[in-house]
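The lines below spell out each chain.
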Amino acid sequence: MDELSTKEHFITAMARHLPPSASALRVLDVNGETAAILAGLRADLHIIPVSGQAETWQFEADSVDAIVAYA
């Protein structure tokens, strides 16, 4: 039987769709649900967790390479 949770399965699949990076891929993590699993899968990720309303997120428009969310 597979020991991965449903959440881990979805986030692992998500990681496969992130582009490769030469140094660090900047990922905006909506609600901070993916950070721990993604960090364990890809050492090249710089994960920026955000929560609340999108209008309150503090980041520059061109400062992230990908946005991920798990709900």
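Calculation criteria
Residues numbered from 1 in each chain as written. Predicted model: local features only at pLDDT ≥ 70, side-chain atom pairs only at ≥ 80, totals over all residues. Heavy atoms only, no water. Helix = DSSP H or I, 4+ residues; strand = E, 2+ residues; numbered from the N terminus. Contact = heavy atoms within 4.5 Å. Buried < 20%, exposed > 50% of the residue type's maximum accessible area, 1.4 Å probe, protein only. Polar contact = N/O pair within 3.5 Å; in protein donor to acceptor, adjacent residues only side chain to side chain.

Caption draft 1: Here's a closer look at the side chain of Thr34. Here Thr34 is to be found in the loop between strand 1 (25-30) and helix 2 (35-41). When near neighbours in sequence (up to four residues on either side) are disregarded, Thr34 contacts Ile11, Met14, Asp29, Val68, Ala69 and Tyr70.

Caption draft 2: Structural detail: the environment of Leu38. With respect to the helices and strands, Leu38 occurs in helix 2. Leu38 sits in the buried class, given a relative accessible area of 0%. Through-space distance from the C-alpha of Leu38 to that of Leu4 is 14 Å; in sequence the pair is 34 residues apart. Leu38 has contacts with Ile11, Ala15, Leu18, Leu45, Ile47 and Val68, leaving out every residue within four places of it along the chain.

Caption draft 3: Local environment of the environment of Gln58. In this structure, Gln58 sits in the loop between strand 2 (45-50) and strand 3 (66-69). For the pair Gln58 and Phe10, spaced 48 residues apart in sequence, the C-alpha to C-alpha distance is 26 Å. At 3.4 Å, the side chain of Gln58 and the backbone oxygen of Thr56 are in polar contact.

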